[in-house]
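# Overview (structure and organization)
This is what each chain is made of:
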Amino acid sequence: MVPLYKNEVRLNRPQDVRRMLSRVINHLLTTGEMTNEKAKAINALSNTTLKSMEMGDLHEELEQLKEVVQRLEGRGK
């Protein structure tokens, strides 16, 4: 079996998690026949991927809001 990664996997950001889950999903889809277990795993991983995307979007929005608040606080001084 071909390994999905050559090196150690580092999951520091939501994008890293999405990338890893995408590779696992693609691997499951392209190897062997589709079984109930594989379908359930793909479903679970897909849901986790969607949540990771949502979290990444929320994190970006939060960072943008922090920048706006910091700029506004700077004006009030």
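Everything in this summary refers to the structure shown in the same document. Within each chain, residues carry numbers counting from 1 in the order of the written sequence. Local features in this predicted model are restricted to residues of pLDDT 70 or higher, and side-chain atom pairs are both shown and tallied only at a pLDDT of 80 or more, whereas totals for entire chains, interfaces and linings draw on every residue. To get the side-chain values, take all heavy atoms of the structure and skip hydrogens and water.

## What about the overall build of the protein chain?
Going by this rule: Only DSSP runs of H or I reaching four residues or more are called helices, and only runs of E reaching two or more are called strands; each is numbered from the N terminus. Note on exposure labels: buried denotes an accessible area under 20% of the residue type's maximum, exposed denotes more than 50%, and partly exposed covers the range between, all computed with a 1.4 Å probe on protein chains only. By the convention used here, residues are in contact when the closest approach between their heavy atoms is within 4.5 Å. The Shrake-Rupley method, run with a 1.4 Å probe, gives the accessible areas here. Residue values count only the displayed protein chains as cover.
Per the secondary structure count, the protein chain includes two helices and zero strands. When burial is assessed residue by residue, the protein chain has 14% of its 77 residues classed as buried. Across the protein chain, every contact between residues at least 6 apart in sequence was considered, and the portion connecting residues at least 24 apart equals 39%. For the protein chain, the accessible area works out to roughly 6,600 Å², and carbon and sulfur atoms hold 54% of it.

## What about the nonpolar core?
Inclusion rule: Take the buried Ala, Val, Leu, Ile, Met, Phe, Trp, Tyr and Cys residues and link them wherever side-chain atoms come within 4.5 Å; each set so joined is a nonpolar core.
Leu21, Ile25, Leu28, Ile42 and Leu45 form the largest nonpolar core, which has five residues in total. Contributions of two or more residues to this core are made by α1 (14-30) and α2 (36-75). For this core, the leading source of residues is α1, giving three residues. In this view, Ile42 contacts Ile25, Leu28, Leu29 and Met34; residues no more than four positions away in its chain are not counted.

## Re the environment of Arg13
Structurally, the position occupied by Arg13 is in the segment before α1. Judged by its relative accessible area of 44%, Arg13 falls in the partly exposed class. Along the primary structure Arg13 and Met55 are separated by 42 residues, whereas in three dimensions their C-alpha atoms are 10.0 Å apart.

## Quick look at the pattern of salt bridges
Short version of the rule: Salt bridge criterion: a side-chain nitrogen from Lys or Arg within 4 Å of a carboxyl oxygen from Asp or Glu.
Within the structure shown, the criterion is met by three salt bridges. Of the charged contacts in the structure, one is a salt bridge between Arg19 and Asp16, with a shortest N-O distance of 3.4 Å. Residue Arg19 and its partner Asp16 are located together in helix α1, separated by three residues, close to a single helical turn. Among the residues examined, Arg19 registers a relative accessible area of 42% and is labelled partly exposed. Judged by its relative accessible area of 9%, Asp16 is buried. For Glu63, the salt bridge is made with Lys66, and the minimal N-O distance between the two is 3.5 Å. Of this pair, Glu63 and Lys66 both sit in helix α2, three residues apart, which is roughly one turn of the helix.

## Description of α1
Put simply, the rule reads: By this rule the span expected of a helix is its residue count minus one, scaled by 1.5 Å. For this quantity, the arc is that covered by the directions from the helix axis to the C-beta atoms.
The first and last C-alpha atoms of α1 sit 24 Å apart over 17 residues, in line with the 24 Å expected at 1.5 Å per residue. Those residues of α1 not exposed but buried are Asp16, Leu21, Ile25, His27 and Leu28. Along α1, the residues classed as buried sweep out an arc of 165 degrees about the axis, all on the same side. In this structure, the buried side of α1 is in contact with α2. Remark: Gly32 follows α1 within two positions and exhibits a positive phi of approximately 65 degrees.

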